[in-house]
Amino acid sequence: MDLPLRGYAELLSKYMKPQWPRTVLLAALLLGSIGLQLLNPQIVRYFIDSALASAGPDTLVMAALLFIAVALANQGLTVAATYVSGVVGWTATNALRTDLAAHCLGLDMTFHKTHTPGELIERIDGDVTALSNFFSRFVVQVFGNMLLMLGVVIVLFFEDWRVGLALFVFALLATLVLARSRNIAVSALAAERQGFADLFGFIEERLSGLPDIKANGAQSYVMLRLYQVMRALYRKGRKAWAMDVLVWVITMLIFALGYVVAFGMGAYLYSTAAITIGTVFLFFNYIEILRRPLEEITEQMQELQKASAGIGRVQALYRIENKIIEGEGTQAIPTGPLAVEFRDVTFGYDQEETVLKDFSFHLQPGKVLGLLGPTGSGKTTLTRLLFRLYDPGAGAIRLGDGDIREARIADLRQRVGMVTQDVQLFHATVRDNLTLFDKSIPDDRILEVIREVGLYRWYESLSDGLDTELGPGGAGLSAGEAQLLAFTRVFLKDPGLVILDEASSRLDPATERRIEYAVEKLLRNRTGIIIAHRLATVQRADEVMILEEGRIREHGPREWLAGNPGSHFSHLLRTGMEEVLV
């Protein structure tokens, strides 16, 4: 993975530009530290030469105090620079996390079917965390340390041009070698990051399926697979570490060469009486100063390799485009009950299998359609297409008077409501769970709907009313209460089309009877689609459609189909063959 510098520059510009005052302050702090680092060796030389010349105690004490003061000031600047760089880094990475999370949330369901939540957590948090140092210190430290190296070389030129020239050549060669080695470990580090993503994805999937794993005695197999995934991560991590250390080894060899040059030149010039012993110590101190920026540049190069792996994966994630194109909003979805029409729709989740084949039907506004069919016949797929979670490969879907692809997605989903068997509740207040964090819905409207669905007695038992916090996943709620909360959500949306995916199947008979009136009221003056796994569920439907292998086997008015001895629906009613519907 050899990322161009343009990729680094674009990322830095986007997330550092809003923080330019802090970046300027950080640069000023580092430049001040550079100046003080160049000053202290001069004080050391003065102290040594003065001591050898039998200078008075006052002179030596003043030199020592000045050395301590400069060192303390340098440490103060370093602490301030570390604090500012931390603020800059975390501000930038948090902004990047926000943008990346929003990008992933906006992608279509095909993307989310192929990427586990655990993997996405690692991509959004782990990869971005690796970029923190890149944002906070990389550019400033690399250029600052290069400036420090240049300052050392210039000072040494003034001391002795031969020493200055020798160390200039050394510093130039060292910088070139380090620059060439910056991509040595990038591929290995990227593979290690992917290994972490695989591990988190594996853990997330197994934790979510824990009841089934325990019920079927699959713990041993899961542990075996965990060991295999961790072993693969260990091997990738070991390779990444070895490649990362290689850069450190190269740096140590460069330092050894630098010491040879410094001591060799110092010994030669001192033997010829060209310099004092204090100047020899000056050379040593400056080579130590030269060593520090080289070490930090090496460290930054290692961080850059980690950042390069993260940047590559972040950019790869950004390059994934949403297959669901936002509508222009030229066709507004009308108010009131909505007509539903599928025109020659063909759809498959992948190219190998087609779920719906040349699928066409029309549902009049205000009518309720009962949707029957065995598992895999396309019932749920039909509703996902209506929400534009997916787009058909061919054909068109119309709500009201227009193609749903012409409407804005937010407007479409506001006009279509769904209640399923599985209710997603959040660790948030009752109000936020019912409104899905829409602050524009007044409390009076929420309480009115709570009464309509028969939840008011439950609401009165809450300690803080609408401000009561629900546990993660709705912990503490019964299945019936969770289902009634889902009905409340749909009432609050006031949609023109309501989809019920066997929404009362999880309820006990008493709770089911309690919401029967609410369901009828919800479907009143609205178009409805009821996905049924029980024949009794479609008794309120005006029309019945039976699907089979992605095609319509039978469709017509419910009463007519029930009274027609030759219809498949009538046959199901007579024989009670509900097992063919699941």
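Residues numbered from 1 in each chain as written. Predicted model: local features only at pLDDT ≥ 70, side-chain atom pairs only at ≥ 80, totals over all residues. Heavy atoms only, no water.

Asker: Got a sec to walk through the overall build of the protein? Specific residues and values, please.
Answerer: Each helix and strand counted, the protein has 20 helices and 10 strands in total. Relative to its 582 residues, the protein shows a buried fraction of 47%. Residue pairs at least 24 apart in sequence account for 77% of intrachain contacts in the protein once pairs closer than 6 positions are excluded. (Helix = DSSP H or I, 4+ residues; strand = E, 2+ residues; numbered from the N terminus. Buried < 20%, exposed > 50% of the residue type's maximum accessible area, 1.4 Å probe, protein only. Contact = heavy atoms within 4.5 Å.)

Asker: Account for the pairing of strand β8 (residues 527-531), naming residues and giving values.
Answerer: When a strand is regular, its side chains alternate between the sheet's two faces. Summarising burial for β8: 5 of the 5 residues are buried, a large majority. Covered by surrounding structure in β8 are T527, I529 and I531 together with G528 and I530, the residues of both alternating faces. Note: strand β3 (residues 368-372) against β8, 4 bridges, orientation parallel. From the neighbouring strand, L369 faces β8, where its bridge partner is I529. (Pairing = 2+ DSSP bridges.)

Asker: Please set out the side chain of E554 residue by residue, giving values where relevant.
Answerer: Considering the arrangement of structural elements, one finds E554 in strand β10 (residues 551-557). Here E554 is buried and forms no salt bridge, its nearest opposite-charge partner R553 lying at an N-O distance of 6.2 Å. From its side chain, E554 meets the backbone nitrogen of H568 in a polar contact 2.7 Å long. When near neighbours in sequence (up to four residues on either side) are disregarded, E554 contacts V544, M545, I546, L561, S567, H568 and F569. (Lys, Arg positive; Asp, Glu negative; His and termini not counted. Salt bridge = Lys/Arg side-chain N within 4 Å of Asp/Glu carboxyl O. Polar contact = N/O pair within 3.5 Å; in protein donor to acceptor, adjacent residues only side chain to side chain.)

Asker: Please give an account of the environment of T116 that cites residues and values.
Answerer: As for its placement among the helices and strands, T116 is situated in the loop between α4 (109-114) and α5 (117-129). Taking C-alpha positions, T116 is 7.5 Å from E205, a pair spaced 89 residues apart along the chain. Those residues in contact with T116, other than ones at most four positions away along the chain, are G201, E204 and E205.

Asker: I'd like a rundown of the packing of helix α3 (residues 57-105) against α5, residues and numbers included.
Answerer: The interhelical angle for the contact between α3 and α5, taken along N-to-C directions, is 155°, at an axis separation of 10 Å. Here α3 lies roughly antiparallel to α5, going by the angle between them. Here α3 and α5 pass one another in a crossing that is right-handed. Taking contact as the criterion, the partners of W90, T93, L96, R97, L100, A101 and C104 in α3 are, on α5, R123, I124, D125, V128 and T129. Grouping the constituent residues of the contact of α3 with α5 by class yields 7 nonpolar, 2 polar and 3 charged. (Axes fitted to C-alpha atoms, helices over the stretch in contact; angles between N-to-C directions. Parallel < 35°, antiparallel > 145°, perpendicular 65-115°, else oblique. Left-handed = near helix turned anticlockwise from the far one by under 90°. Nonpolar A, V, L, I, M, F, W, Y, C, P; charged D, E, K, R; others polar.)

Asker: Can you lay out the nonpolar core for me, pointing to particular residues and giving the numbers?
Answerer: Counting 43 residues, the largest nonpolar core has L372, I450, W458, L485 and F569 as its most contacted members. Of the residues forming this core, the biggest block, 8 residues, is contributed by helix α17 (residues 479-493). Core analysis: the next-biggest nonpolar cluster, separate from the first, contains 30 residues, V345, L385, L399 and A407 among them. (Core = buried A, V, L, I, M, F, W, Y, C linked by side-chain atoms within 4.5 Å.)

Asker: Break down the sheet that holds strand β6 (residues 416-419) for me, citing the residues and quoting the values.
Answerer: Reading across from one edge, β6-β7-β8-β3-β9-β10 is the order of the 6 strands in this open sheet, with mixed pairing throughout. The two strands at the open ends of the sheet, each matched to only one other strand, are β6 and β10. Averaged over all pairs of adjacent strands, the angle between their axes in this sheet comes to 15°, without regard to strand direction. Together, β3, β6, β7 (497-501), β8 and β9 (543-548) form the strand contacts of helix α12 (residues 379-386), whose direction differs from that of β8 by roughly 145°. Sheet contacts for helix α20 (residues 568-575): β3, β9 and β10; angle to β9, the most-contacted strand, approximately 95°.

Asker: Let's hear about the sheet that holds strand β2 (residues 356-363): which residues, and what values?
Answerer: Ordered by their spatial adjacency, 4 strands build an open sheet running β2-β1-β4-β5, and the pairing between neighbours is antiparallel. Each having just a single partner strand, β2 and β5 (402-403) make up the two edges of the open sheet. Summarising the sheet, strand β4 (residues 394-399) and β5 pair through 2 bridges and their orientation is antiparallel. Its bridge partner being in β5, R398 is matched across the sheet by D403.

Asker: Please set out unusual backbone geometry residue by residue, giving values where relevant.
Answerer: The residue L436 is not glycine, and still its phi comes out positive at about 50°. Tracing the backbone through its elements, the reader meets L436 in the loop between α14 (430-435) and α15 (443-452). Its relative accessible area of 47% is what places L436 among the partly exposed residues. Its identity as a non-glycine residue notwithstanding, N525 has a phi of 60°, on the positive side. Along the chain, N525 falls in the loop between α18 (509-523) and β8. A residue is classified by how much of its surface remains accessible, and N525, at 63% relative accessible area, is exposed.

Asker: Break down the environment of L189 for me, citing the residues and quoting the values.
Answerer: Along the chain, the position of L189 falls in helix α8 (residues 186-208). The buried category is assigned to L189, whose relative accessible area is 5%. For the pair formed by L189 and G310, sequence separation is 121 residues and the distance between their alpha carbons is 8.7 Å.

Asker: Just give me the short version of α20, but keep the residues and values in it.
Answerer: For α20, every residue scored as buried is listed here: H568, F569, S570 and L572. Each element contacted by the buried residues of α20 is listed here: β3, β9, β10 and α19 (558-563).

Asker: Go over the side chain of S33, please, and point to the residues and values.
Answerer: For S33, the location among the structural elements is in helix α2 (residues 20-52). For S33, a relative accessible area of 6% gives the class buried. Apart from the residues lying within four places of it in its own chain, the contact partners of S33 are N74, L77 and T78.

Asker: Would you mind going over the packing of α15 against α17 in detail, with residue names and values included?
Answerer: Viewed as axis vectors pointing N to C, α15 and α17 meet at an angle of 130°, and their least axial separation amounts to 9 Å. As far as their axial angle goes, α17 and α15 are oblique. Crossing angle aside, the handedness with which α15 passes α17 is right-handed. Residues R445, I446, V449, I450 and E452 of α15 pack against T488, F491 and L492 of α17. For the contact of α15 with α17, the class distribution of residues is 5 nonpolar, 1 polar and 2 charged.

Asker: Tell me about the packing of aromatic side chains, residues and numbers included.
Answerer: Counted according to the given criterion, the structure contains 9 aromatic pairs. Between the aromatic rings of F347 and Y390, the centroid separation amounts to 5.5 Å while the plane-to-plane angle is 55°, which identifies the pairing as tilted. Of the two residues, F347 is situated in strand β1 (residues 340-347) and Y390 in the loop between α12 and β4; the sequence distance between them amounts to 43 residues. No difference in accessibility class separates F347 from Y390, as the two residues are buried. Plain terms: the ring middles of F359 and F361 are 5.7 Å apart, the flat faces sit at 85° to each other, and that makes the pair edge-to-face. Here F359 matches F361 in class, with each residue buried. Taken together through their ring pairs, the aromatic side chains of F342, F359 and F361 make up a single cluster. Positioned over the ring face of Y318 is K14, at 5.5 Å from the centre of the ring. (Phe/Tyr/Trp six-rings, centres within 6.5 Å; stacked < 30°, edge-to-face > 60°. Lys NZ or Arg CZ within 6 Å of the ring centre and 35° of its normal.)

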